[in-house]
Amino acid sequence: MEDLGLAAARVGAVWLALVFAFIVLPSALGVSLGISEAYMRVLVKTLEWATIRIEKGVKKPQPQMLKTPAANGIIERDETPMEKEIARLHRVDFEFSDIFYFCRKGFEAIVEDEVTQRFSSEELVSWNLLTRTNVNFHYISLRLTVVWVIGVIVRYCLLLPLRFTLAAIGITSMIVGTTIVGQLPNSSVKNYLSEVVHLTCSRILVRALSGTIHYHNKENKPQKGGICVANHTSPIDAIILTNDGCYAMVGQVHGGLMGVIQRATVKACPHVWFERSEMKDRHLVTKRLREHVADKSKLPILIFPEGTCINNTSVMMFKKGSFEIGGTIYPVAIKYDPQFGDAFWNSSKYNIVSYLLRIMTSWAIVCNVWYMPPMVRKEGEDAVQFANRVKSAIARQGGLTELPWDGGLKRAKVKDTFKEEQQKNYSKMLVRNGSIGSQPTGTESD
Amino acid sequence: MGSAHSVPAEMRELADRTGFTSEQIEHLHRRFKQLSRDQLTIRKENFDSIPDLEFNPIRGKIVHAFFDKRNLRQESDGLADEINFEDFLTIMSYFRPIEMNMDEEQLDRFRKEKLKFLFHMYDSDHDGKITLQEYRNVTYGPSCPVTTEFPAPALTRCLGPDQVYEGITFDDFLKMWQGIDIETKMHVRFLNMETIAHCY
């Protein structure tokens, strides 16, 4: 038994040494050894091969494939506005026809609605050899099944332990490193060291997820004293962004491991962590953020204005709070490639632990990050309009659709004020048309 | 479809009865599961989770139509408390588009079914007639100011000069819609699923 224990310890030591040499050290120095790139190339080739085999396996002759984005839904909607459609039907002089329009709209909403769609994972155009994305597993060919089995073994037995080790190393070094740096007196040396620690740990964590991130337009990177806003898909968005620069994060104070990390990092770098009770007081939040932004030597703030995780096919309403602070806004668009792994956190379906497990057993996390030119609030523009302007810019850059809906609809119902407004519109139109409709037929009592 | 996959018998039977293709049925099934939160039946409350539907002025009537036993093709009358997936599909089939290969008789039946669905939406007391009050309830609804001079010419149109107005029956209703091809308007168009490559 002792020999076994000794052998296990030796294997463990060799394992750790390899991890340090090939991954941790290059992260600290900001150097890449090209292992991830090689892995990605092999992965892409395998998935391409798998797709071709699947298509061959389908016996029916496929018609010319249209690029129908599956994320945009399964029904074709008629986008004519309410007034036009009803006017068109009214030519036939029928009040019943009003009901038509609403009936059809109602059924379209029941078959599929834009909002609920955004809170479930995007469907893939072709299978990526993960069971979780396979809606209907059919046996296609022996070779494909073998590749899938190999994939499962590689992911669970090789990649998962590796990623877990890296994540553990990353988080521990973040806590230890920032605590040490936090002991130093405030000075430029402290800031420099804090940046080094944050960057290194982010890089380790990104490698823990096998992340391949492409940064575009680095010249627009957020500057000190600015506010960085981005669309939100998952908790790892923050890591993706801090991999390339240092930010002051904003968020609620959590308990547990997250709380430990928060308390450690705030000593080294001026992150803004709010108590739950403070978050409710919007003015307090705005005041603290304003103070931070006013100090031009402070790191840019990172904010996710949607307030909740969306499935990365669209951008939902930006809460105006972040846009009332003033200062320069640096928009950033993040788009994940779902082929290699689904980064979306469906918090109503999975808790954080199972989510992290899923992430660590996917192939990789591949994403594109676009830094966009800074935006400022124009004269006469209010916070809501400014927020919408930034939202459109991000949606356009990332290739996402834009929705006016509030991400809070994930959990709450539509506010009554919105409903009443729509109903008022309809009533106004009816009364107007009702009086017009009765004019030609002069015999009606009016 | 997968090469070695046989459509389960009940799916085929559903497809025949409701006229949807199996891919459409699968999509609708997933939607049903979403609405029912993985239960086997849905109740009226489950429709509350659709934000798009909240804005619809006749939302109540639409949801009601799903539970109306007359639409569910059951002999009994009244309202069901909950419906299963088969019932859900039956109601959705009132909104399926016409197929190119339908003959006259099929088209006529199709049209009648859709109009009957609309008729049931108005006739809330299930007596086979739409009265003025029922008409007002649907068209103008509780949110709109109802004034006494609402003409409702459509209803009084088919009456002769001496006829007392009682309410329109389904036959009167059918007559009103003659010449208007509502079956081309009363449907939900599914995108062609075939063009999306997938392994099932």
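Conventions we followed
Residues numbered from 1 in each chain as written. Chains lettered and ligands numbered in written order. Predicted model: local features only at pLDDT ≥ 70, side-chain atom pairs only at ≥ 80, totals over all residues. Heavy atoms only, no water. Helix = DSSP H or I, 4+ residues; strand = E, 2+ residues; numbered from the N terminus. Buried < 20%, exposed > 50% of the residue type's maximum accessible area, 1.4 Å probe, protein only. Contact = heavy atoms within 4.5 Å. Areas by Shrake-Rupley, 256 points an atom, 1.4 Å probe, with all protein chains shown as cover. Axes fitted to C-alpha atoms, helices over the stretch in contact; angles between N-to-C directions. Parallel < 35°, antiparallel > 145°, perpendicular 65-115°, else oblique. Left-handed = near helix turned anticlockwise from the far one by under 90°. Phe/Tyr/Trp six-rings, centres within 6.5 Å; stacked < 30°, edge-to-face > 60°. Lys NZ or Arg CZ within 6 Å of the ring centre and 35° of its normal. pLDDT = per-residue confidence, 0-100. Polar contact = N/O pair within 3.5 Å; in protein donor to acceptor, adjacent residues only side chain to side chain. Expected span 1.5 Å × (residues − 1). Pairing = 2+ DSSP bridges.

Asker: Give me the lowdown on the overall build of chain B, citing residues and values where you can.
Answerer: Tallying secondary structure elements over chain B gives 9 helices and 5 strands in all. By residue count, 49% of the 200 residues in chain B fall in the buried class. Taking as baseline every contact in chain B between residues at least 6 positions apart, the subset at least 24 positions apart corresponds to 54%. Summed over its atoms, the accessible surface of chain B is roughly 9,900 Å², and 49% of this surface lies on carbon and sulfur atoms.

Asker: An account of the packing of helix 1 (residues 9-18) of chain B against helix 5 (residues 85-92) of chain B is requested, with residue identities and associated values reported.
Answerer: Residue and element names in this part refer to chain B. Packing of helix 1 against helix 5 leaves a shortest axis separation of 10 Å and a crossing angle of 25°. One way to sum up the angle between helix 1 and helix 5 is to call them roughly parallel. The two elements helix 1 and helix 5 meet at a crossing, and its hand is right-handed. Contacts from Leu-14, Arg-17 and Thr-18 of helix 1 reach helix 5 at Phe-85, Glu-86, Leu-89 and Thr-90.

Asker: Residues and numbers for the packing of aromatic side chains, please.
Answerer: Describing an aromatic ring pair means giving the distance of the ring centres and the angle of the ring planes. As enumerated under the stated definition, the model contains 15 aromatic pairs over all chains in all. Aromatic side chains Phe318(A) and Phe323(A) sit 6.0 Å apart centroid to centroid with 15° between the ring planes, which places their arrangement in the stacked category. On the basis of relative accessibility, which here comes to 3%, the residue Phe318(A) falls in the buried class. The class of Phe323(A) is buried, set by a relative accessible area of 2%. Relative to Phe67(B), the ring of Phe47(B) has its centre 6.2 Å away and its plane inclined at 85°; by these criteria the two rings are edge-to-face. Of this pair, Phe47(B) sits in the loop between strand 1 (41-42) and helix 3 (51-54) while Phe67(B) sits in helix 4 (residues 59-67), placing them 20 residues apart in sequence. Sitting over the ring of Trp363(A), Arg155(A) keeps its end group 5.3 Å from the ring centre.

Asker: Got a sec to walk through the confidence of the model for chain B? Specific residues and values, please.
Answerer: Detailed conclusions should not be drawn from predicted coordinates in areas where pLDDT is low. Residues and elements named next belong to chain B. Per-residue confidence for chain B gives a mean pLDDT of 71; residues scoring 70 or more make up 71%. With pLDDT under 50 throughout, residues 1-6 is counted as low confidence; its partners more than four residues away or in other chains account for 11 contacts. Below pLDDT 50 for its whole length, residues 143-151 participates in 15 contacts with residues either more than four positions away or in separate chains. Across the predicted assembly, pTM comes out at 0.67 and ipTM at 0.77.

Asker: Any chance you could break down the side chain of His198(A) for me, citing the residues and the numbers?
Answerer: All names here are of chain A. With respect to the helices and strands, His-198 occurs in helix 7 (residues 188-208). Overall, the relative accessible area of 9% leaves His-198 in the buried class. A polar contact is formed between the side chain of His-198 and the side chain of His-271, at a distance of 3.4 Å. When neighbours within four sequence positions are excluded, His-198 is seen to be in contact with Met-174, Thr-178, Cys-246, Thr-265, Cys-269 and His-271.

Asker: Explain the confidence of the model for chain A to me, and be specific about the residues and the numbers.
Answerer: All names here are of chain A. Here chain A averages 76 in pLDDT, while 75% of its residues score no lower than 70. By mean pLDDT, helix 3 (residues 82-90) is the weakest element of chain A at 56, and strand 8 (residues 329-337) is the strongest at 91. This model gives residues 60-72 a pLDDT under 50, and the stretch forms 20 contacts once residues within four places in sequence are excluded. A low-confidence stretch, residues 435-446 (pLDDT under 50), is modelled with 8 contacts involving residues beyond four sequence positions or located in other chains.

Asker: Give a description of helix 7 of chain A that names residues and reports values.
Answerer: Here helix 7 of chain A is 21 residues long and its end C-alpha atoms lie 30 Å apart, about the 30 Å a rise of 1.5 Å per residue gives. Immediately downstream of helix 7 of chain A, the backbone of Ser210(A) shows phi near 50°, a positive value.

Asker: So what's going on with the sheet that holds strand 6 (residues 301-303) of chain A? Which residues, and what values?
Answerer: All names here are of chain A. In spatial order, the strands read 2-9-8-3-6-4-5; together these 7 strands make up an open sheet with mixed pairing. Each having just a single partner strand, strand 2 (211-216) and strand 5 (272-274) make up the two edges of the open sheet. For this sheet the average axis-to-axis angle between neighbouring strands, irrespective of direction, equals 25°. Summarising the sheet, strand 4 (residues 248-252) and strand 6 pair through 2 bridges and their orientation is parallel. In the sheet register, Ala-248 faces strand 6, and the bridge partner there is Ile-301. Lying over the sheet, helix 13 (residues 383-398) contacts strand 3 (227-230), strand 8 and strand 9 (365-371), oriented at roughly 35° with respect to strand 8.

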